[in-house]
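Observations on the model geometry
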Amino acid sequence: MEQLQWLTKGLGPTTTATMTSVKSTATTATQPSSTKAVFAHYMVGSMTSEQAVIDVKDAMNAGFDGFALNTHTISASDTWNINALNYLFAAASGTSFKLFVSFDMSWGLDVTKLADFLAPYATQDAYYKVNGQAFVSTFTGGTISNAQWDSGFIQPLTSTYGIKPFFVPDFDDFSGYPNGVFSAYPILNGVFSWETAWPSPGTTPTNVTSQVDSAALQQAHAAGKVYMMPMSPLQFKYMGSGQNWYRIGEVNLPERMAQALQLQPDFVEIITWNDAGESHYVGDFWQEQIAGSNIGNYANGYDHKGWLQVIAPFIKAYKAGATSISQIVPPSSKPVGAFWYRTLLTTASCSSSISNYQSARDATNFAVILPSTGYTIKVYSNSKLIGSYVGQKGLNYNSVSGLAVGSGQMIQIIDDSNNIVASATGTKSVLAESPNATCNWNYEVVGLS
């Protein structure tokens, strides 16, 4: 069933290592010449042409440069996939928004058949190119040798179709990644990481680290290549059969923003635009894309587009060369941002059914971008004040403990005259126990208004 492509991403529950949050020092290696761009990872699934237009317009409005189209099938008989790709390319045609294919190699795709599949798309005006080369990425594939990639994909694409790829795959399944990846794969134009978007799975709360990103970036630049850095809010999946897991998301998104501005990668990829299966969507997901699964049990009714209020100013700051979150500014004189919380306490009796459940905190989390100093950020749960913070210019974020059963989850932005200039109120109450068979740790996300 085509929709079940959504169920394979991320690291499973067997890994128990944890990482300590480390603020990496930016590399001093010479950065290759490239145009900074920010993409959103897009899970290709059944959809309509109208939905493709909505997705492209929404992503453009948020400042994204394009979608990385996660494609897990290259079979001509999977017409749903071909139709979706055609809809998306048609929606992007004639605009500044571009698309590129990210082959999902975890589905066992045949390397020797990728060039034939890619060629009709890589020649379209909406396909993303770097110096005339068609940008191509993957999810995994680092266990396939350089020779196989070269003879099976790179050479046929070039010789048969005259298309030279700009190959930036996710090879963090390569043994020892990122060490040695560029010597092992001379074909690479760069690398993309997937797993570094979140902390390693574990049983204690820990923030994300940029240590692997820093090493990958330095090695890429030393080899004259590029690095595409991942960024994501969280991972939460509740699919049963060993597919119930959580990877910490309290302040993962703003933490990664700070790291990206410090490291200055060549490209950034947000994971994801529409992957409801792992709960890290920042745009719409469509019912056609999750039909036949139980994803809707924890994703339906949980809108995450409030995160775009934070992502859009980050994109602008990143492209402008900002190196600190203090340089992220709102689009006008009014604060923007979002807050998010889980609607089920970690003490719920079902929590132990979620791998890594011990790493979660009962907290209300926020990311607010202020135009200047002089503001106070107030956080409420169950209509009670649980935190008050003096705001600084730029991006402010925190995870505030004290999430309580009941309604009244809210943040307020107060100016120096004690006026409420922006606020956001949750639409969902917090529960002590799950009312059904789904232990739902998806986030309620609300943007400021």
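Residues numbered from 1 in each chain as written. Predicted model: local features only at pLDDT ≥ 70, side-chain atom pairs only at ≥ 80, totals over all residues. Heavy atoms only, no water.

Taking an unreviewed UniProt entry as the reference, the chain is identified by name as Glucan endo-1,3-alpha-glucosidase agn1 belonging to Penicillium canescens.

1. Comments concerning the state of the cysteines
What the rule picks out here adds up to one disulfide. The disulfide that involves cysteine 350 links it to cysteine 439, with 2.1 Å between the sulfurs. Taking the torsion about the sulfur-sulfur bond, which here is approximately 70°, the covalent link between cysteine 350 and cysteine 439 counts as right-handed. Placement of cysteine 350 in the loop between β12 (336–342) and β13 (363–370) and of cysteine 439 in the loop between β18 (420–425) and β19 (443–447) is noted, with a sequence separation of 89 residues between them. Judged on exposure class, the residue cysteine 350 and its partner cysteine 439 are both buried. (Disulfide = S-S within 2.5 Å. Helix = DSSP H or I, 4+ residues; strand = E, 2+ residues; numbered from the N terminus. Buried < 20%, exposed > 50% of the residue type's maximum accessible area, 1.4 Å probe, protein only.)

2. Some remarks on the pattern of salt bridges
Scanning the model with the defined rule gives eight salt bridges in all. For the salt bridge of lysine 237 with glutamate 278, the shortest nitrogen-to-oxygen distance reads 3.6 Å. Here the residue lysine 237 occupies a position in strand β9 (residues 235–238), and glutamate 278 occupies one in the loop between β11 (267–270) and α8 (287–290), the gap between them amounting to 41 residues. For glutamate 250, the salt bridge identified is with arginine 342, shortest N-O distance 2.8 Å. With a gap of 92 residues between them, glutamate 250 in the loop between β10 (244–247) and α7 (252–263) and arginine 342 in strand β12 connect regions that are remote in the sequence. (Salt bridge = Lys/Arg side-chain N within 4 Å of Asp/Glu carboxyl O.)

3. Things to note about the pairing of strand β15 (residues 384–390)
Pairing analysis gives six bridges linking strand β14 (residues 376–381) to β15, with the strands arranged antiparallel. Bridge assignment links threonine 376 to a residue of β15, and that residue is valine 390. Here β14 folds back onto β15, and the loop between the two strands holds two residues, one of which, asparagine 382, carries a positive phi near 50°. (Pairing = 2+ DSSP bridges.)

4. Describing the packing of helix α3 (residues 114–122) against helix α4 (residues 146–161)
At a minimum axis distance of 9 Å, the contact between α3 and α4 shows a crossing angle of 40°. Judged on the interaxial angle alone, α4 and α3 are oblique. In the packing of α3 onto α4, the handedness of the crossing is right-handed. Taking contact as the criterion, the partners of Leu114, Ala115, Asp116, Leu118 and Ala119 in α3 are, on α4, Trp149, Phe153, Pro156, Leu157 and Tyr161. The class makeup of the residues in the contact of α3 with α4 is nine nonpolar, no polar and one charged. (Axes fitted to C-alpha atoms, helices over the stretch in contact; angles between N-to-C directions. Parallel < 35°, antiparallel > 145°, perpendicular 65-115°, else oblique. Left-handed = near helix turned anticlockwise from the far one by under 90°. Contact = heavy atoms within 4.5 Å. Nonpolar A, V, L, I, M, F, W, Y, C, P; charged D, E, K, R; others polar.)

5. Overview of the sheet that holds β19
Strand pairing in a sheet relies on backbone hydrogen bonds, with the paired strands running either antiparallel or parallel. Strand order across the open sheet formed by four strands is β16-β13-β12-β19, with antiparallel pairing between neighbours. Edge positions in the sheet fall to β16 (394–401) and β19, since each of these pairs with one other strand and no more. Taken over all neighbouring pairs, the strand axes of this sheet differ in orientation by 15° on average, direction set aside. For β12 and β19, the ladder comprises five bridges, and the chain directions are antiparallel. Residue pairing for β19: arginine 342 is matched across the bridge by tyrosine 443. Docked against the sheet, α7 engages β12, β13 and β16, running at close to 145° with respect to β16. Packing of helix α10 (residues 308–319) onto the sheet brings it into contact with β12, β13, β16 and β19, and relative to β12 it is tilted by some 135°.

6. Considering the packing of α7 against α10
Running from N to C, α7 and α10 cross one another at 5°; their axes reach a closest spacing of 11 Å. Overall, the two elements α7 and α10 adopt an arrangement that is roughly parallel. Across the interface between the two elements, Leu253, Met257, Ala260 and Leu261 from α7 touch Val310, Ile311, Phe314 and Tyr318 from α10. Its residues assigned to classes, the contact of α7 with α10 comprises eight nonpolar, no polar and no charged.

7. A few points about the nonpolar core
Within the largest apolar cluster, 126 residues are counted, with the highest numbers of intra-cluster contacts made by Phe64, Phe67, Phe103, Trp149 and Phe153. Each residue touching phenylalanine 67, except ones within four places of it in the same chain, is listed here: Ala40, Tyr42, Asp55, Val56, Ala59, Leu88, Phe97, Lys98, Leu99, Phe100 and Trp273. Among the nonpolar cores identified, the runner-up in size contains 18 residues, and Phe366, Val400, Ala422 and Val430 belong to it. (Core = buried A, V, L, I, M, F, W, Y, C linked by side-chain atoms within 4.5 Å.)

8. A short note on unusual backbone geometry
With omega at 5°, the peptide bond leading from tyrosine 177 into proline 178 counts as cis. Residues isoleucine 271 and threonine 272 are joined by a peptide bond in cis, for which omega reads 5°. By the secondary structure assignment, threonine 272 is in the loop between β11 and α8. In this model, asparagine 356 sits at a positive phi of 70°, which is unusual for a non-glycine residue. Here asparagine 356 shows up in the loop between β12 and β13. Phi angles above zero are rare outside glycine, and asparagine 418 is one such case at about 70°.

9. Structural notes on the sheet that holds β15
Here four strands make up an open sheet; going across it, the order is β15-β14-β17-β18 and the pairing antiparallel. Each edge of the open sheet is held by one strand with a lone partner, namely β15 and β18. Direction aside, the axes of adjacent strands within the sheet are offset by 15° on average.

10. Details of helix α2 (residues 79–92)
Between its first and last C-alpha, α2 extends 20 Å over 14 residues, near the 20 Å set by a 1.5 Å rise per residue. Buried-residue contacts for α2 involve β1 (37–43), α1 (49–61), β2 (66–71), β3 (98–104) and α3. Positive phi appears at glycine 94, one or two residues downstream of α2, with a value of about 80°. (Expected span 1.5 Å × (residues − 1).)

11. Overview of the packing of aromatic side chains
According to the stated counting rule, one finds 37 aromatic pairs in the structure shown. For the ring pair tryptophan 149 and phenylalanine 171, a centre distance of 6.0 Å and an interplane angle of 40° mean the geometry is tilted. On the criterion of sequence distance, the pair formed by tryptophan 149 in helix α4 and phenylalanine 171 in the loop between β6 (165–167) and α5 (181–184) is long-range, its members being 22 residues apart. Across the pair, exposure class does not vary: tryptophan 149 and phenylalanine 171 are buried alike. Here phenylalanine 236 and tyrosine 298 contribute two aromatic rings whose centre-to-centre distance is 5.4 Å and whose plane-to-plane angle is 80°, an arrangement assigned as edge-to-face. Separated by 62 residues along the polypeptide, phenylalanine 236 in strand β9 and tyrosine 298 in helix α9 (residues 296–299) bring together distant segments of the chain. Exposure remark for phenylalanine 236: the relative accessible area of 0% places this residue in the buried category. Among the aromatic residues, those joined into a cluster by ring pairs are Phe89, Phe103, Phe117, Tyr121, Tyr127, Trp149, Phe153, Phe167, Phe171, Phe174 and Tyr185. In this arrangement the basic side chain of arginine 342 is found over the ring face of tryptophan 441, its NZ or CZ atom lying 5.1 Å from the centre. (Phe/Tyr/Trp six-rings, centres within 6.5 Å; stacked < 30°, edge-to-face > 60°. Lys NZ or Arg CZ within 6 Å of the ring centre and 35° of its normal.)

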